[in-house]
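Descriptive analysis of the structure
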Amino acid sequence: MDIFKILDSIQKVDGDAAGRLEHSTRRMFMNRVSSSLAAAAVPTVFASIVNKAYGATPTVTEILNFALTLEYLEETFYFQANRMDNFIPAEYTLVFSQIEKHETQHVHFLKAALGSAAVDRPTFDFTYGGAFPDAWTNFMTFITISAALEDTGVRAYKGQAGNLISAPQILEYALQVHSVEARHASLVRRIIGKLKNDPMMKGWITQAKGFPPAVYAGMTPESNMVHAGLDASTLAGIGSISDDAVTESFDEPLTMEEVLAIAGPFIVKTM
Amino acid sequence: MKKTLTQFSDSSDSVMLSKVNRRFFLRSAGVAATTGAFIMGACTEQDLMSDDVVDLGSGDFGILNYAYALEQLEAAFYIQVLTTPYLNMTDMEKWILTDIRDHEIIHREFFKAALGMKAIKGLTPNFSQIDFASRTSVLGAAKLFEDTGVAAYNGAGKLIEDVNYLLVAGKIVSVEARHASAIADLINPNALEFANGQIDENGLEHAYSPSIILDGVSPFVMDKISGKNLPS
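Given the structure is predicted, the values throughout are model-derived calculations rather than measurements. (Residues numbered from 1 in each chain as written. Chains lettered and ligands numbered in written order. Predicted model: local features only at pLDDT ≥ 70, side-chain atom pairs only at ≥ 80, totals over all residues. Heavy atoms only, no water.)

1. Digging into the confidence of the model for chain B
In the predicted model, chain B carries a mean pLDDT of 85, and 78% of its residues have values of at least 70. The low-confidence segment residues 1-50 of chain B, where pLDDT is below 50, has 64 contacts with residues more than four positions distant or belonging to other chains. (pLDDT = per-residue confidence, 0-100. Contact = heavy atoms within 4.5 Å.)

This is the structure:
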């Protein structure tokens, strides 16, 4: 099953889904994903989730396997980078070793929680099907992918919180991982801002600023200002505080389907 | 508590900061029960409803008031930081602290609006232990507030009944974690501290119950805050 078939299968169940998967997501795939990706297998965990009726609540096991797959992705990414000679600039080696340590801990924790139900580690392609050909030679590309993975992770966990509301302890674990991913994302984004000399690239997400665009888009894009029915940009007490700051103040969720669309091209095959 | 903040201003050793934070919470956890017993023993129900004690209330509104109380403190702190900037605050530090101030004001006003008539009153902060002229003291206190905020939201998530409010808490906690990371990195750049100390060997960040958090922040508020009716 390839990524487009999955998108199509979502659409069959819910005709509006393609519209809700941000346009930039589809455009990005069309433009960037090489033909090798058309043959890519998608992890069974993702496939089984997406094959369910759109909007059906995934089981706790499915959510944990979804999280485990993302943690495998992150851990593998940093494991490789941290073992390459002269790739990560010396001043940032502590930062990326610390991030790797946490991703490894998350993998171990989730595998222990899932036991025999845990999915295996897939094979990954960090060039994203050729879209990032210099992922392992250009630190700027590497760190751009890093920010994308961390911000996607934050949004992915946030998107599943509601599905865990009747499993309070699992919910708490998910929140405890979620904030660690946000700590990572903040520093990685700030390092990008420094390296690019871009003061608007901050630890927090202004509007939907970041790359690739799909990571910051979605049904509830990072630029959203309405929360629990309240438009935070019109709050009486915020005075002249800008809409940019309002968007920075709230991070937004991604659905499982949206995360699949973003992460799918990193995944070459399941073991 | 006084001693703790004196230590903040005496040293920029962030390893010590994290130790102080751990002690701070450990000690808070230890005295929480005692404090609760004291309030209950010393006051009648009528007293608890008086102006002397701010009751956060029960259910989801209680949790929203709990968040509102914490955001009030954070906003007041950063407003003071920017009103009386410490010596030699760099432009970058000023941008970051201004952003955070604005975010906390937005959070505060969001909860106030969401709560409407159920909102607690405006709290009176007590920042007498923070030396606003000292970078070390200010950033140490900022780190404490951000780390506390993250642990508070992480611990409150499972107490929320309405999935919409749970999502809002999720939207805010990751922004607090982004703040915590940035502040820790200002204290000790490109080191482990952006994500250290508050995270256990499973890679899980702290999650604390309201009683621990409320006791931990009590030195920074003039008002007595009661979370006795909060869900647990």
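2. Describing the interface of chain A and chain B
Taken together, the contact pairs 60 residues of chain A with 58 residues of chain B. Buried surface at the junction of chain A and chain B, both sides included, amounts to about 4,800 Å², of which 64% is carbon and sulfur. The three residues of chain A that bury the most area against chain B are R183, R190 and W204 of chain A, which together make up 17% of that side's buried surface. Between chain A and chain B we count 8 salt bridges in total. A salt bridge links R178 of chain B to D151 of chain A, with the nearest nitrogen and oxygen atoms 2.8 Å apart. For the side of chain A that touches chain B, the secondary-structure elements that each account for two or more residues are α7 (93-114), α8 (139-161), α9 (168-195), β2 (226-227) and α10 (243-248) of chain A. Take the side of chain A that touches chain B: its biggest share by element is 21 residues, from α9 of chain A. Tallied by class, the residues present in the side of chain A that touches chain B amount to 31 nonpolar, 17 polar and 12 charged. (Buried area = accessible area lost by both parts, 1.4 Å probe. Salt bridge = Lys/Arg side-chain N within 4 Å of Asp/Glu carboxyl O. Helix = DSSP H or I, 4+ residues; strand = E, 2+ residues; numbered from the N terminus. Nonpolar A, V, L, I, M, F, W, Y, C, P; charged D, E, K, R; others polar.)

3. As for the pattern of salt bridges
Residues and elements named next belong to chain A. Counted by the stated rule, this structure contains 19 salt bridges over all chains. Across the salt bridge formed by D198 and K209, the nearest N and O atoms sit 3.2 Å from each other. Of the two residues, D198 sits in the loop between α9 and β2 while K209 sits in the loop between α9 and β2, which places them 11 residues apart along the sequence. Taking relative accessible area as the criterion, D198 reaches 22% and is therefore assigned partly exposed. Note that K202 is salt-bridged to E248, the shortest N-O span being 3.0 Å. Taken together, the positions of K202 in the loop between α9 and β2 and E248 in helix α10 put the pair 46 residues apart, joining distant regions of the chain. (Buried < 20%, exposed > 50% of the residue type's maximum accessible area, 1.4 Å probe, protein only.)

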